[in-house]
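# Report on the structure
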Amino acid sequence: MAVLSDHTIKEEMLAGRIRIEPCDPDDIQPSSVDLRLGNVFLVFRNSRYPYIDPMREQSGLMERVIASREEPFVLHPGEFVLGTTVERIVLPDDIVGRLEGKSSLGRLGLLIHSTAGYVDPGWDGRLTLELSNVANLPIVLTPDMRIGQISFTQMTSKVDRPYGSESLGSRYQGQTETTPSRAHLNP
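Residues numbered from 1 in each chain as written. Predicted model: local features only at pLDDT ≥ 70, side-chain atom pairs only at ≥ 80, totals over all residues. Heavy atoms only, no water.

### Comments concerning the overall build of the chain
Under the convention used in this document: Labels follow the DSSP assignment, with helices taken as runs of H or I lasting at least four residues and strands as runs of E lasting at least two, numbered in each case from the N terminus. Radius of gyration here is computed from C-alpha atoms only, and the compact-globule reference equals 2.2 Å multiplied by the residue count raised to the power 0.38. Exposed residues in this analysis have more than 50% of their type's maximum accessible area, buried residues have under 20%, and partly exposed residues fall in between, with area computed by a 1.4 Å probe over protein chains only. In this analysis, two residues are considered to be in contact whenever any of their non-hydrogen atoms come within 4.5 Å of each other. Exposure was quantified through the Shrake-Rupley algorithm and a 1.4 Å probe, taking into account, for residues, occlusion by the shown protein chains and nothing else.
For the chain, the helix and strand inventory stands at two helices and 13 strands. Over its C-alpha atoms the chain spans a radius of gyration of 17 Å, differing by no more than 12% from the 16 Å that the globule rule assigns to 187 residues. Based on the C-alpha atoms only, the size of the chain along its principal axes is roughly 50 × 40 × 25 Å. Relative to its full complement of 187 residues, the chain shows a buried share of 40%. Within the chain, contacts between residues separated by at least 24 positions form 74% of all contacts whose residues are at least 6 apart in sequence. If you sum the accessible surface of the chain, you get close to 10,300 Å²; carbon and sulfur atoms cover 51% of it.

Right, dumping it as structure tokens:
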């Protein structure tokens, strides 16, 4: 397994095997592609429930907030919210993606994913970001800012069941905006 270089990423995109829509050529880095922040955030409404129960659907647990360049989203210290990428990512059944934060933002205390760093082969959709501020000052999040990067690894073979296969019960395939947890759908 090897991490794809910028040259190979461009070849795979040209062949239509990796799709990143939209993608500015300037966003292609030596071994990754920069991703931009969307404008829809989901914030916890902590007055609605006394606790989070991952095994139950808790409608109204999160509230949708739309930011703009004129009125960006302010992430306060210790806060956790969900955001999304502008880009739709589509992967073939033999390439896995890895989502990482931008070093410049990490040095300010912004984490863009807590656990969901892998983008499985067969994925199709926008990526939901798990945004945390571990700094002691608020961080301004402006829609369309470079928020993270995705790198790609060629797998040893095609997977037997790509993400989105009916037998997997892939709960996030095709998501087009910030999507809350669907843990309650686990068997």
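### Topic: the pairing of strand S11 (residues 124–133)
The test is simple: Pairs of strands are assigned from DSSP output, requiring at least two bridges between the strands.
Burial of S11 is extensive: eight of the 10 residues sit out of reach of the surface. With eight bridges connecting them, strand S7 (residues 80–90) and S11 associate as antiparallel partners. Note that in S11 the partner of Leu82 across the bridge is Glu130. Across two bridges, the pairing between strand S9 (residues 110–111) and S11 is antiparallel.

### Some thoughts on the layout of surface pockets
What counts, and what does not: For each structure, a 1 Å grid was placed over the protein atoms alone; sets of points admitting a 1.4 Å probe that cannot get out are labelled cavities, open sets with protein on both sides within 12 Å along at least five of seven lines are labelled pockets, and lining residues have an atom within 4 Å of a point. Grid points are joined across faces, edges and corners, and a volume is the space filled by probe spheres set on the points.
If you add up the space inside the largest pocket, you get close to 990 Å³. Lining the largest pocket are 38 residues, with Tyr172, Thr179, Pro180, Ser181 and Arg182 positioned closest to its centre. Sorting the residues of the lining of the largest pocket by element identifies strand S4 (40–44), S7, strand S10 (118–119) and S11 as the ones contributing at least two each. At three residues, S11 tops the list of elements feeding residues into the lining of the largest pocket.

### Digging into the pairing of strand S13 (residues 146–154)
Pairing of strand S1 (residues 2–3) with S13 involves two bridges; the strand directions are antiparallel. Residue pairing across strands places Ala2 opposite Gln154, the latter belonging to S13. Here strand S8 (residues 95–101) runs beside S13; their pairing, made up of seven bridges, is antiparallel. When the sheet's bridge partners are listed, Val96 is paired in S13 with Thr153.

### What about the environment of Glu63?
Within the secondary structure, Glu63 sits in strand S5 (residues 62–66). Note on Glu63: relative accessible area 40%, which makes it partly exposed. Along the backbone, Glu63 and Leu111 are 48 residues apart, and their C-alpha atoms lie at a distance of 21 Å. With sequence-adjacent residues up to four places away left out, Glu63 is seen in contact with Phe41, Leu42, Val43 and Arg45.

### Quick notes on a nonpolar patch on the surface
Our working rule: Nonpolar side chains (Val, Leu, Ile, Met, Phe, Trp, Tyr) within 5 Å and like charges within 9 Å form the patches, drawn only from residues with over 30% relative accessible area and no salt bridge. Salt bridges are defined as contacts in which a side-chain nitrogen from Lys or Arg sits within 4 Å of a carboxyl oxygen from Asp or Glu.
Where nonpolar side chains cluster on the molecular surface, the patch consists of Phe44, Ile52 and Phe80 and spans about 250 Å² of accessible area. Along the polypeptide, Phe44 turns up in strand S4. Overall, Phe44 belongs to the partly exposed group, its relative accessible area being 34%.

### Concerning the packing of aromatic side chains
Threshold: Note on ring pairs: Phe, Tyr and Trp rings are taken, using the six-membered ring of Trp, and paired if centres are within 6.5 Å. Classes follow the plane angle, with under 30 degrees stacked, over 60 edge-to-face and the rest tilted.
Applying the stated criterion across every chain yields a total of three aromatic pairs. When the centroid spacing of 4.3 Å and the interplanar angle of 15 degrees are considered together, the rings of Phe41 and Phe73 count as stacked. You can see Phe41 sitting in strand S4 and its partner Phe73 sitting in strand S6 (residues 73–75), a full 32 residues away along the chain. Taking the relative accessible area as the measure of exposure, Phe41 reaches 0% and is therefore buried. The class of Phe73 is buried, set by a relative accessible area of 9%.

### Considerations on the nonpolar core
Applied cut-off: By nonpolar core is meant a set of buried Ala, Val, Leu, Ile, Met, Phe, Trp, Tyr and Cys residues that side-chain atoms within 4.5 Å join together.
Leu131, Leu141, Ile147 and Phe152 are the most contacted members of the largest nonpolar core, which has 33 residues in total. Among the secondary structure elements, those contributing two or more residues to this core are strand S3 (33–36), S4, S6, S7, S8, S11, strand S12 (139–141) and S13. Apart from residues no more than four positions distant in its own chain, Leu131 is found in contact with Leu37, Phe41, Leu75, Glu79, Phe80, Val81, Gly83, Leu111, Ile112, Leu141 and Ile147. Counting residues in each nonpolar core, the second largest holds five residues, with Leu42, Leu61, Met62 and Leu82 among its members.

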